[in-house]
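Letter by letter, the chains look like this.
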Amino acid sequence: MKKTILIVSIAGALAFITMSAIGNKTNTISIEKAEPVQELKWYTDFTEANEISQKTGKPIFGFFTGSDWCGWCKRLQANVFAKDNFKKWANESVILLELDFPRRTQLPQKLMQQNRELAQLFKVKGYPTVWIFNAVKDSKTNQMSINALGSLGYPRAEAGRESEKFIADANAVLANKK
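Residues numbered from 1 in each chain as written. Predicted model: local features only at pLDDT ≥ 70, side-chain atom pairs only at ≥ 80, totals over all residues. Heavy atoms only, no water.

Focus: the state of the cysteines
In the structure shown here, the tally under the stated rule is one disulfide. One disulfide bridge connects Cys70 with Cys73, the sulfur atoms lying 2.4 Å from each other. For the disulfide bridge between Cys70 and Cys73, the dihedral angle about the S-S bond is near 75°, and by the sign convention the bridge is right-handed. Each member of the pair, Cys70 together with Cys73, is buried. (Disulfide = S-S within 2.5 Å. Buried < 20%, exposed > 50% of the residue type's maximum accessible area, 1.4 Å probe, protein only.)

Structural data, given as structure tokens:
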């Protein structure tokens, strides 16, 4: 009986050691570290954004927003603009221009006038509204010519997929550029 108990104990110990050795076997998996996505650069001055647009050949992405009161604007920023895939797309594809209409913050008069004129030009009726466009200044007449490619609002997509839908819609607008 003692022999049987000893044999069973030894067999159990061997099984335990074998299973532990198998469980501790390490597999090495090579994981490539993703490049950090560059933060977005938003311009508020149309002239400055247009100069960059002219130099880079990228259209202007005009974001008409009510930053301190518009719930849908805040959702667009959180569910689309804050996402890495949007940041990557925007940095590669457009020059970002924020055209703000706050209620609790006073903007400088020149900025308020600029934003109001652009909102009238694009006939903005609600917020958020995004217009993708090119602007060219005629050197002879000193007049600005706007080529509106298209507009976007909050994307209709299932929760968590808003940025993908927005980028797809924006790419469709950019296809009009060609």
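More follows now that the structure is in view.
Details of the nonpolar core
Counting 23 residues, the largest nonpolar core has Phe61, Phe86, Trp89, Ile132 and Phe166 as the members making the most contacts within it. For this core, the secondary-structure elements that each account for two or more residues are β2 (60-65), α3 (71-81), α4 (84-93), β4 (129-137), β5 (144-152) and α6 (162-175). Among the elements that make up this core, the one with the highest residue count is α6 (five residues). Residues contacting Phe166, with those up to four places away along its chain left out, are Phe61, Leu76, Val80, Phe81, Phe86, Val130, Leu152, Gly153 and Pro155. With 16 residues, the next largest nonpolar core counts Ala49, Phe101, Leu118 and Ala135 among its residues. (Core = buried A, V, L, I, M, F, W, Y, C linked by side-chain atoms within 4.5 Å. Helix = DSSP H or I, 4+ residues; strand = E, 2+ residues; numbered from the N terminus. Contact = heavy atoms within 4.5 Å.)

Side note on the packing of aromatic side chains
What the rule picks out here adds up to 19 aromatic pairs. Ring geometry for Phe61 versus Trp89: centroids 6.2 Å apart, planes at 70°, classification edge-to-face. Here the residue Phe61 occupies a position in strand β2, and Trp89 occupies one in helix α4, the gap between them amounting to 28 residues. Trp89 matches Phe61 in its accessibility class, with the two residues each being buried. (Phe/Tyr/Trp six-rings, centres within 6.5 Å; stacked < 30°, edge-to-face > 60°.)

Brief notes about unusual backbone geometry
Following Tyr127, the chain continues to Pro128 via a peptide bond in cis, the omega torsion being -5°. With respect to the helices and strands, the residue Pro128 is situated in the loop between α5 (109-121) and β4. Despite not being glycine, Lys123 has its phi angle at roughly 55°, a positive value. Taking relative accessible area as the criterion, Lys123 reaches 62% and is therefore assigned exposed.

So, the pattern of salt bridges
For the structure on display, the rule yields four salt bridges. For Glu39, the salt bridge goes to Lys87, with nearest N and O atoms at 3.3 Å. Of the two residues, Glu39 is situated in the loop between α1 (2-23) and β1 (42-43) and Lys87 in helix α4; the sequence distance between them amounts to 48 residues. Given a relative accessible area of 54%, Glu39 falls into the exposed group. (Salt bridge = Lys/Arg side-chain N within 4 Å of Asp/Glu carboxyl O.)

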